[in-house]
Every structure is written in structure tokens, then in C-alpha cells.
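Spelled out, the chains give:
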Amino acid sequence: MKKRWWKECVVYQIYPRSFCDSNGDGIGDIRGITSKMDYLKELGIDVIWLSPVYQSPNDDNGYDISDYQAIMKEFGTMEDFDEMLAVAHERGIRLVMDLVVNHTSDEHAWFAESRKSLDNPYRDYYIWRPGRDGGAPNNWGSCFSGPAWEYDKATDMYYLHLFSKKQPDLNWDNPAVRDEVFRMMNWWLDKGVDGFRMDVISLISKKPDLPDGVPGINGYAGADEVANGPHVHEYLKEMRQKVLNRTETITVGECAGVTLEEAKKYANREETELNMVFQFEHMGVDSGENSKWSDRKADLRDLKEILSKWQKGLEDVAWNSLYWENHDQPRSVSRFGDDGAYRETSAKMLATCLYMMQGTPYIYQGQELGMTNVPFESIEDFRDLESINAYHELTEQGVFTREEMLRYLRYKSRDNARTPFQWSGEENAGFTSGEPWIMVNPNYKKINAKEQMGREDSVFHYFRKLIRLRKEHEVIVYGTYDLLLPESKEIYAYTRTLGEEKLLVVCNFTAGEVTFDLPEEFWTGAVLTGNYEDAAVKEHMALRAYEAVVVKKQ
Ligand code: TEU
Ligand code: CA
């Protein structure tokens, strides 16, 4: 196993709009991030993944970029960015940019040119097709509801957008597009950034004939149809050669639709493409029959099967990322734990279960506090176009009633992760002195960073300890993973082995007490960490509600 710094680091994702507002306009900004750099240092993270801060009309909160080399006005200036980067580097914290190049904003200069005429030099920067039978060129749908094609009158053609109609897909088959992207990436590396998280990078290469697809999870063909396309690995190898090989970058591909076999190519150990990928299988474990919109609870056996498949499947051939949450997912303590009586205990258990595995851990802002899903009251409380569009489309089509859809949105909407970070019990959770752009979770007086930093047994301090353990025990980073009790619906147990070193991780995913027979080789072991102060090693362990214990073989 090749040792690499990006295998040993811990990454913290910041969604800038909701992290910290420094100028009272109710919107988080770059100076706000800079003002909290000591908090991040205290937590012990090594890398910040910064969601997009580029100029954008904010149709998809910055994932629709109109200028890749300018800072969104609401977030501040390029000088603010340079200062934040310097302050991070002074503390030994690296910074990874969010590279969104499957598509641009429709307000990008390239698209403004491209739509002007058939012979415009920028025409082939995007994917244009004539209509078919008076409608769209094929049956693909957008991830944000509706068709994946928008008719443009000026040239009597349609353009492709897998996401919103304000996010036209770039044509990666055009070498001029690739050269523009690589030039821009090098510009950011020249500024000193340390790598990239690559937005839906698995979708950039489409089959040339754009064939109809079989309607997928959103009831439309589309993302599943285009994932892992014919030239995607060729383009990423080119990116590696022309950009990524020049410095010690960290790169993670967000790979919608990625399979284990494809991940072995994207994140191969020869390092000819990316360092690691975000796969989505464990995020689909509680989907409904034809979409994510459901309030079905995951079956632990499915979660264990998926995570174990990825642990064993990439072992020695590629590298995993480890995440429960991000700005697109609901809060994990509400989704996989208990956000009521056992909120802190289950938040610690979930962190132990995941971050003791092999892979680079990703912590999403607020996860280290056990922040929960949000009691949104009505559709007016939501800001995310994915949620709002789905609500209107699926209720108007009669797929769900309004009450059903609101229930599903409260459980799965991306806005659950996008309400303001809860800094303190002061007004607006200390996030802003103005009117926040989205509601603050009403539980901020109980759940906030200030209260937890002052309490040794808080979720915050538990995360700090887990991060520190990863630095002290190589077996946590490089040890092999072996699942125990695959059939148990209550217990997630596995071992990590590196030479003579061996750990046992055992987690109770229920509020009930469950017994666990400790394998004999651990009977003389010692508790490395756990979410109950008085955890002890016994041959027959009675695991309490959401108890997690890590035992080190002696
Ligand atoms: O997300 C891509 C993606 O797969 C999302 O559609 C996600 O799976 C879905 O929202 C879960 O319900 C990336 C970004 O992370 C997301 O914020 C952007 O909206 C999207 O791409 C378009 O840039
Ligand atoms: Ca602001």
C-alpha cells in the first residue's frame, strides 16, 4: 500500500453560504470563513473542501458558474479569497476548490456566445441538437425535474442540461473546452490552492448519439445514461498530465453513477487519474421505489453490504472517501441515528463506525456538532431548486400528495444541510446579525459550537479525538477491513488489521441493548475509544443504546 498524505488527512467541507456571515447581509462569506479558521484548527482537520465561491447567478447556489476566475460578489473579493488561503496555509490547513466543469451557468460568456449563431466560434462549447418529432432530441430528464433539454429560439435548436436549464452542459469532446478548463485549473493552482473536488465529473463524456435511456430513479433517463461515458478516463488522464501532476494536489471525483469497477479506474493506484471518488450507493440505501423522495429507514444490513463491498473492492487497488453527509444530503444523525434522546450518542457512534474504516474521512460543516434535520413547515421554507421543483412536479403529477411530499422533503431535502451553521445560542445562532437567507434550525440554543467547545463530552470533542486517533494509529489508515456479523440488523462490527496491530470496531445502531460476543483474540484488549465513558472489555459485551466501542488487541 503506497503511503500518501491525502490518505492520512481529514477533510472538512464548508458550504460558504451557510457557514459564517461577516457583514450582516444574511449570507455567509469568505471573511466569515477566515474568522473561523482557529475553530477548524482546534477541530484538527487538515484540508478544507470549499463549495463554489465563483461568480454565479445562484440558480443552484453557486454550482452554476458564470466566471471561473472571479469571486461571487455576495461572498466577497479575490483579495478576501487570497487572505483566507494564506490564513489557512499559516495554520497548516490545505484548501481544495470545487471544480464544476460538467456545465457552466447560462450567464457564462461562453454560453452567451454559443447561443448566438450556428457558426459562432463558441457554438461547440455546448451540446446542441435539433428537436425530434416536434419535441426534445431524446427522452433524458433533468436531475432537477423536467426534461434535460431547453429549446433556444435564436437558432431553433435545443441545448442539453442534466441539471437546471440555467446549467448548460459543456461539450468535453471539444478540445478547446478541455484546454479552457485545464488553463483555469492551472490558474488556481498558481494561486496556491491544493486540489479539487470535481462536481459530477463522471458525467462529462456523453455517448455521441445521445441515445434514449431507460427512465431511472428520478423517473427520467439522464444521469444514469451518461455516467462513465466513452472518453471520461481519457479526459481525466489528460487532466492529470496537463494539470494535476505539477504539484502534490489532492483530487476527489464526485462520481454519480460510479460502479466499483469504474472507481478502480478513476482512483487507480497508478495515480493516472484522481486520488479518490465519492460513490453514492450508500446514499441510495433509503431511496423510494422511483426516487430519493421517501422517509423509508435504511436497513443496516444493506448499509453494511454496500460499505463492505467498497472497503474490500478498492483494497490495495484504489482509495475510498468516507462520508455520511454533504450539502446534498440530509443530516446523518436524523437519517441513520437518533436525533432525539440519543442525538449526541448516535452522532458519535456514526462517526466511529465510518471514520475507523479505510479511506479519507470527509466531515460536513455541523456534522461535528450533531446538527439535525430541520422542521421545515411549508414549501416556502425551502430554497433548494431540486426540492422546490420536485415538490411542484411530483404533486402536480399526482405522484405524491402535498403532505407526503413535505414529509419526504423534511427527511431528504438538501436544505436540511444548508441551514446556517450553529455557532452559539445567540440570535440566528451567531451566524449573522442580519436576516438569514434560509431559516435557522430552531434547536440552535441547544446545539451549537460555543456550548460544545466548553464541554469535554460533546460531539465536537469526540470528533477531535477521532481525528487525533487517526494520526496516532496507522492501522486506522492503512489496515485491512474485515466485516463481522454480516447478518445482524443491530450491530455493525468489523476489524482493521495492519501487521501485528488489530482493532475491533463494534457499533450498536439501535436504541435497545444488544449483546456482542467479543472474539477471543480481543479478550485481553484495551478500549481505544468509545462513546460511553465507562466502556469496558468483556467477553460478552452488553452494548447500550447506540454504543460504539473500539478495542485494540494487546
Ligand atoms: O451533485 C450532483 C448530484 O448527483 C446531485 O444531483 C445529488 O446526487 C442529488 O442532488 C442528491 O439528491 C452536484 C453538486 O454536489 C450539487 O450540489 C449540484 O446541484 C449538482 O452537482 C449540479 O452541479
Ligand atoms: Ca455576508
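Residues numbered from 1 in each chain as written. Chains lettered and ligands numbered in written order. Predicted model: local features only at pLDDT ≥ 70, side-chain atom pairs only at ≥ 80, totals over all residues. Heavy atoms only, no water.

(A) Up close: the nonpolar core. Grouped together as the largest cluster of nonpolar side chains are 142 residues, with contacts concentrated most on Phe81 and Met185. Those residues in contact with methionine 185 that lie beyond four places of it in its chain are Leu99, Phe196, Met198, Met239, Val243 and Leu244. The next biggest cluster of nonpolar side chains, apart from the first, holds 17 residues, and it includes Ile127, Phe163, Ala227 and Leu385. (Core = buried A, V, L, I, M, F, W, Y, C linked by side-chain atoms within 4.5 Å. Buried < 20%, exposed > 50% of the residue type's maximum accessible area, 1.4 Å probe, protein only. Contact = heavy atoms within 4.5 Å.)

(B) Examining the environment of isoleucine 388 more closely. Residue position: isoleucine 388 is located in helix α13 (residues 385-396). In this structure, the C-alpha to C-alpha distance between isoleucine 388 and leucine 409, residues 21 residues apart in sequence, is 9.2 Å. Not counting the four nearest positions on each side in its chain, isoleucine 388 is found in contact with Ile379, Phe382 and Arg383. (Helix = DSSP H or I, 4+ residues; strand = E, 2+ residues; numbered from the N terminus.)

(C) Highlighting the coordination of the calcium ion (ligand 2). Around the calcium ion (ligand 2), the protein contributes the donor atoms Asp21 (OD), Asn23 (OD1), Asp25 (OD), Ile27 (O) and Asp29 (OD), which lie 2.2 to 2.4 Å from the metal centre. When the donor residues of the calcium ion (ligand 2) are listed from N- to C-terminus, their spacing reads D-x1-N-x1-D-x1-I-x1-D. Residue aspartate 25 is classed as partly exposed on the basis of its relative accessible area, which comes to 35%. (Donors = N, O, S within 2.8 Å, 3.2 Å for Na, K, Ca; no water.)

(D) Molecular detail of the sheet that holds strand β7 (residues 149-152). One open sheet holds the 3 strands; their spatial order is β6-β8-β7, and the pairing between them is antiparallel. With one partner strand each, in any of the chains shown, β6 (128-129) and β7 form the two edges of the open sheet. Across 2 bridges, β6 lies against strand β8 (residues 157-160) in antiparallel orientation. When the sheet's bridge partners are listed, arginine 129 is paired in β8 with tyrosine 158. (Pairing = 2+ DSSP bridges.)

(E) Main features of the sheet that holds strand β2 (residues 47-50). The parallel open sheet is built from 8 strands, whose spatial order is β11-β10-β9-β5-β2-β1-β13-β12. What marks the edges here is a single partner per strand, and that holds for β11 (276-278) and β12 (321-322). Note: strand β10 (residues 250-254) against β11, 3 bridges, orientation parallel. Looking at the pairing, valine 252 lines up with methionine 276 of β11.

(F) Quick look at the packing of aromatic side chains. What the rule picks out here adds up to 35 aromatic pairs. For the pair tyrosine 355 and phenylalanine 463, a centre-to-centre distance of 6.2 Å together with 75 degrees between the ring planes defines the contact as edge-to-face. In this pair, tyrosine 355 sits in helix α12 (residues 343-355) while phenylalanine 463 sits in helix α16 (residues 459-472), placing the two residues 108 residues apart along the sequence. By the burial criterion, tyrosine 355 is buried, and phenylalanine 463 matches it. Of the aromatic side chains, those joined through ring pairs into one cluster are Tyr54, Tyr68, Phe81, Trp110, Tyr122, Tyr125, Trp187 and Trp188. A cation over a ring is seen here: lysine 292 above tryptophan 293, with NZ or CZ 4.8 Å from the ring centre. (Phe/Tyr/Trp six-rings, centres within 6.5 Å; stacked < 30°, edge-to-face > 60°. Lys NZ or Arg CZ within 6 Å of the ring centre and 35° of its normal.)

(G) Just the pattern of salt bridges, in detail. The tally for this structure, following the rule as stated, stands at 52 salt bridges. A salt bridge links arginine 246 to aspartate 190; its shortest N-O distance comes to 2.6 Å. Taken together, the residues arginine 246 in the loop between α8 (232-242) and β10 and aspartate 190 in helix α6 (residues 175-190) connect sequence positions 56 residues apart. Since its relative accessible area comes to 40%, arginine 246 is described here as partly exposed. (Salt bridge = Lys/Arg side-chain N within 4 Å of Asp/Glu carboxyl O.)

(H) Local environment of the site of ligand 1. Close contacts around ligand 1 come from 17 residues, with Asp60, Asp199, Lys292, His327 and Asp328 the closest. The side chain of arginine 197 places a nitrogen or oxygen atom 3.0 Å from an oxygen atom of ligand 1. Note that an oxygen atom of ligand 1 is positioned 3.0 Å from one of the side-chain N or O atoms of glutamate 386. Taken together, the residues that form the shell around ligand 1 break down as 5 nonpolar, 3 polar and 9 charged. (Near = heavy atom within 4 Å. Polar contact = N/O pair within 3.5 Å; in protein donor to acceptor, adjacent residues only side chain to side chain. Nonpolar A, V, L, I, M, F, W, Y, C, P; charged D, E, K, R; others polar.)

(I) Region of the structure containing the pairing of strand β17 (residues 514-517). In β17, alternate side chains face the same way, and those of Val514 and Phe516 are buried while those of Thr515 and Asp517 on the opposite face are not. Here β17 pairs with strand β19 (residues 540-543) via 4 bridges, running antiparallel. Of the residues in β19, the one forming a bridge with phenylalanine 516 is methionine 541.

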